[in-house]
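Below, each chain spelled out in residue letters.
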Amino acid sequence: MLIDTHSHLNFNAYNNDLEDVIKRSLDNDIWMINVGSQYSTCQKAIEISQKYSQGVYAAVGLHPIHLETNLVKIKEDMEEAQQFQAKGEVFDYDKYKSLAKNEKVKAIGEVGLDYYYKPKTTARKKIFKEKQREVLIQEISLARELDLPVIFHCRMAHQDLLEILKVQLSKFNLKGVIHCFTGNWQEAEKYLEMGFFLGFNGIIFKLNLDEIIKKTPLDKILIETDCPYLTPPAMGTKRNEPVYIKYVAEKIAQLKNLKLEEMAEKTTDNAKELFAIQ
Ligand SMILES: [Zn+2]
């Protein structure tokens, strides 16, 4: 058994065959957490999870890229949005709290910092980063209030995320995963020292993360697809989906010199532990 700890079957890419994709996954003993990125996709993730008694869970959070800042052009991703949203979203704590209280919600996420698209002037950059930080801290507070782990998204912002996490950890026992980890070993080491898991997906076929995977203790590794994105090269240009997680699992097992079964068992235990899935 494997758990895809970061999938987006709640996105438009699966509108025509969602049930088939989930069936394929569950038939292959692959469970999943569908991760929301804005209010509409969070609602959808919960809706999907409620149709299954076991194996399909949800995470809710406002992704930094969907945050209303008025400073950068919002990325439009038609695979993602359930309805076209011309404007970014303002984080509403109570609205997200009522979603997160659903018993199928296993984490707050994906939330974090993303400096990939950023304003040009220093003054605007400062406001932009401050806004992301402010909302992230509110979302971490929600995780604290509901005693949930956090799925972190972090792009070109590890220094700032590490600082925020250090402060939060001095206040409470924050748990979580740095999903789609693509930082360097020094950054990885700091997250690991803080007790966080690192999530790896098909990006390991594009970037060379071999040394980081070798050095990361097996009990701190989670595997994921981030589907519909990041399809493993073995599947060509096909849309990614939870069953293709086996390619990620195989490569990590190889790097760790383990049998696939051992690797699958351990990372599944890790996911069950972090997300309190039985
Ligand atoms: Zn994602």
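Residues numbered from 1 in each chain as written. Predicted model: local features only at pLDDT ≥ 70, side-chain atom pairs only at ≥ 80, totals over all residues.

Further remarks concern the environment of lysine 246. Looking at the element boundaries, lysine 246 is found in helix 8 (residues 245-255). A C-alpha to C-alpha distance of 9.1 Å links lysine 246 and alanine 264, two positions 18 residues apart in sequence. (Helix = DSSP H or I, 4+ residues; strand = E, 2+ residues; numbered from the N terminus.)

Buried residues of helix 8: Ile245, Tyr247, Val248, Ala249, Lys251 and Ile252, and no others. Elements in contact with the buried residues of helix 8: strand 1 (2-7), strand 2 (30-35), strand 7 (197-200), helix 7 (210-215), strand 8 (221-223) and helix 9 (260-275). Remark: asparagine 257 follows helix 8 within two positions and exhibits a positive phi of approximately 60 degrees. (Buried ≥ 20, exposed ≤ 12 C-beta atoms within 10 Å, placed from the backbone. Contact = placed C-beta atoms within 7 Å.)

Turning next to the pairing of strand 4 (residues 105-114). On any regular strand, side chains alternate: one points to one face of the sheet, the next to the other face. Among the 10 residues in strand 4, 9 count as buried, and that is most of the element. Bridge count for strand 3 (residues 56-60) against strand 4 is 3 bridges, and the pairing is parallel. Paired with valine 60 across the strands is isoleucine 108, a residue of strand 4. Where strand 4 lies against strand 5 (residues 150-155), 5 bridges are found, and the strand directions are parallel. If you follow aspartate 114 over to strand 5, its bridge partner there is arginine 155. Regarding the hand of the β-α-β motif, the stretch spanning strand 4, helix 4 (residues 122-146) and strand 5 is right-handed. (Pairing = 2+ DSSP bridges. Right-handed = clockwise from strand over helix to strand, strands pointing away.)

Once that is clear, we can look at the sheet that holds strand 4. Spatially, 1-2-3-4-5-6-7-8 is the arrangement adopted by the 8 strands of the open sheet, whose pairing is parallel. If you trace the sheet from one side to the other, it starts and ends with strand 1 and strand 8, each paired once. Within this sheet the neighbouring strands show an average axis-to-axis angle of 30 degrees, counted without direction. Summarising the sheet, strand 2 and strand 3 pair through 4 bridges and their orientation is parallel. In the sheet register, asparagine 34 faces strand 3, and the bridge partner there is alanine 58. Sheet contacts for helix 8: strand 1, strand 2, strand 7 and strand 8; angle to strand 8, the most-contacted strand, approximately 150 degrees. (Axes fitted to C-alpha atoms, helices over the stretch in contact; angles between N-to-C directions.)

For any two helices packed against each other, the geometry comes down to the angle between their axes and how far apart the axes lie. One can describe the packing of helix 8 onto helix 9 by two numbers: an axis separation of 9 Å at closest approach and a directional angle of 110 degrees. On the basis of the axis angle, helix 8 is roughly perpendicular to helix 9. The residues of helix 9 that touch helix 8, namely those facing Ala249, Glu250, Ile252 and Ala253, are Leu260, Met263 and Ala264. Tallied by class, the residues present in the contact of helix 8 with helix 9 amount to 6 nonpolar, no polar and 1 charged. (Parallel < 35°, antiparallel > 145°, perpendicular 65-115°, else oblique. Nonpolar A, V, L, I, M, F, W, Y, C, P; charged D, E, K, R; others polar.)

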